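Examination of the molecular architecture
Each chain, letter by letter, is given below.
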Amino acid sequence: MGTTNGRTLYRNPKSGKIAGVCSGIADYFNFETWLVRVLAVSIFLLGGTGVVFVIYIALWMILDVKPQALDYKEDHKDIEVKKKVWQAGEPAKRALFDVSRQFNGLEARLQRLEKHVTSDSFDLKREINSL
């Protein structure tokens, strides 16, 4: 649908409650999903009943469903730290914990690799393969 800075507005029913419209809007503007939902429900309850309902139904019909390939990319992207409470991303403490966990996993893999490369069996296999 709309594109800004290479982003496209999609519905995201996978992480949505009804049709994924609020979730898609939150992804597009980099807001927390709960904030968009609260805003939509607040406008709905404070008198914008017809407007919010019509816009929601129209977006439900107009917006494409987010492709699974994009979901995979977002699940495996770099850790993004939120700078404001309303922004999407991880709080700084959680991001630090995740980075620390990733580094610990990489360090363990590197230690296993180092142990294998410096072992006698590795040298023996390399000599046999060079024959």
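In what follows, the accompanying structure is described. (Residues numbered from 1 in each chain as written. Predicted model: local features only at pLDDT ≥ 70, side-chain atom pairs only at ≥ 80, totals over all residues. Heavy atoms only, no water.)

1. Observations regarding the overall build of the protein
Quick note on the threshold: Helix and strand assignments follow DSSP, with helices taken as H or I runs no shorter than four residues and strands as E runs no shorter than two, numbered in order from the N terminus. Only heavy atoms matter for contacts: two residues are in contact if any of them lie within 4.5 Å across the pair. The Shrake-Rupley method, run with a 1.4 Å probe sphere, supplies the accessible areas, and residue values consider only the shown protein chains as cover.
On a plain count of helices and strands, the protein comes out with 6 helices and 2 strands. Starting at the N terminus, the α and β elements of the protein follow one another as β-β-α-α-α-α-α-α. Long-range pairs, those at least 24 residues apart, make up 45% of the contacts in the protein with a sequence separation of at least 6. Counting every atom, the protein has about 10200 Å² of accessible surface; 63% of that belongs to carbon and sulfur.

2. Describing unusual backbone geometry
Positive phi values are uncommon outside glycine, yet Asn 30 reaches one of about 60°. Tracing the sequence through the fold places Asn 30 in the loop between α1 (21-29) and α2 (33-45).

3. With respect to the nonpolar core
Formally: Among the buried residues, those of types Ala, Val, Leu, Ile, Met, Phe, Trp, Tyr and Cys that are joined through side-chain atoms within 4.5 Å form a nonpolar core. We call a residue buried when its accessible area falls under 20% of the maximum for its residue type, exposed when it is over 50%, and partly exposed in between, using a 1.4 Å probe and counting protein chains only.
Core analysis: the biggest nonpolar cluster contains 6 residues, these being Ala 19, Val 21, Cys 22, Ala 26, Val 36 and Tyr 56. Not counting chain neighbours up to four residues away, the residues in contact with Tyr 56 comprise Ile 18, Ala 19, Gly 20, Val 21 and Cys 22.

4. Digging into the packing of aromatic side chains
Given two aromatic rings, one states the distance between the centres and the angle between the planes to describe the pair. Going by this rule: Think of it this way: a Phe, Tyr or Trp ring, Trp meaning its six-membered ring, pairs with another when their centres are within 6.5 Å, and the plane angle makes it stacked under 30 degrees, edge-to-face over 60, tilted otherwise.
Going through the model one piece at a time under the given rule, you end up with 3 aromatic pairs. Ring centres 6.3 Å apart and planes at 75° place the aromatic pair Tyr 56 and Trp 60 in the edge-to-face group. In this pair, Tyr 56 and Trp 60 are both assigned in helix α3 (residues 49-62), 4 residues apart and thus about one turn of the helix distant. Residue classification places Trp 60 among the partly exposed residues on the basis of a relative accessible area of 31%. In this structure an aromatic cluster arises from ring pairing among Tyr 28, Phe 29 and Phe 31.

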